[in-house]
Amino acid sequence: MSIPNDRRCIELLIDAGCKKRVIIHCCTVRAVAEEMASRIPEADYDTVIAGALLHDIGRAKDHSIMHAYYGSKMVEDYGLPKTLVEIVRKHTGAGLDQEDVKELGLPPGDYMPKTLEEKIVAHADNLVSDNRVVDHNHSVSKLINKGAFRGADRVELLHMELSDLYGEDLDVMPKRIGEYPKLKTVSEFNLE
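Residues numbered from 1 in each chain as written. Predicted model: local features only at pLDDT ≥ 70, side-chain atom pairs only at ≥ 80, totals over all residues. Heavy atoms only, no water.

A. Local environment of the packing of helix H8 (residues 137-145) against helix H9 (residues 149-166). One way to put it is that H8 packs onto H9 with a least axis distance of 8 Å and a crossing angle of 165°. Our classification of the angle between H8 and H9 gives roughly antiparallel. For the pair H8 and H9, the crossing hand works out as left-handed. Facing Asn137, Val140, Leu143 and Ile144 of H8, the residues of H9 in contact are Phe149, Gly151, Ala152, Val155 and Glu156. Of the residues belonging to the contact of H8 with H9, the class tally is six nonpolar, two polar and one charged. (Axes fitted to C-alpha atoms, helices over the stretch in contact; angles between N-to-C directions. Helix = DSSP H or I, 4+ residues; strand = E, 2+ residues; numbered from the N terminus. Parallel < 35°, antiparallel > 145°, perpendicular 65-115°, else oblique. Left-handed = near helix turned anticlockwise from the far one by under 90°. Contact = heavy atoms within 4.5 Å. Nonpolar A, V, L, I, M, F, W, Y, C, P; charged D, E, K, R; others polar.)

B. Focus on H8. Three or more residues of H8 are buried, namely Ser139, Val140 and Leu143. Within H8, the buried residues cover an arc of 100° as seen down the axis, which keeps them to one side. Taken together, the buried residues of H8 touch helix H7 (116-126) and H9. Directly beyond the C-terminal end of H8, a positive phi value near 80° is found at glycine 147. (Buried < 20%, exposed > 50% of the residue type's maximum accessible area, 1.4 Å probe, protein only. Arc of directions from axis to C-beta.)

Set out below in structure tokens:
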């Protein structure tokens with residue numbers, strides 16, 4: 001199957017049973033990811049957009065760290081491309097290393113974003129709190145407060161890597177697109 005467009009992604013989120021709040025969060029992450037991809041031409045734009053919209057589909061089943069694993073299985077069951085399955089599984093923080101996977105009781109597997117598209121979606125999610133665009137320190141602080149120091153370090157490194165590719169510190173995002181950006185997708189589906 002090909003990469004689904006915005007409309008199909010929203011339909012899949014609704015079909016999966018995602019609450020409106022989750023869908024609005026996904027649309028906000030899409031806005032951040034779109035801005036990032038607009039200045040990183042090496043990224044596959046359509047994959048980034050669909051991955052951003054679908055990244056939290058697993059929240060229809062679970063709100064723990066397992067939502068990424070469940071979501072990847074749901075995306076796979078929908079017959080979507082493997083690139084999207086991988087984005088959904090690897091989107092938490094700046095990825096989870098094998099020590100994290102073991103500590104958190106996740107099924108064995110690779111949870112570290114490696115492709116540019118996986119990294120963009122993971123970090124776009126780090127730059128969104130609920131439906132508000134924030135700087136990366138928001139996610140770093142949350143991880144430090146949980147004692148997830150390795151995860152906080154990974155977010156810092158991912159932030160630097162993608163800021164370099166973007167050509168500017170990504171903490172500019174709240175000013176660039178707004179703390180609460182206008183979300184075309186949300187309007188189209190009457191999710192406000």
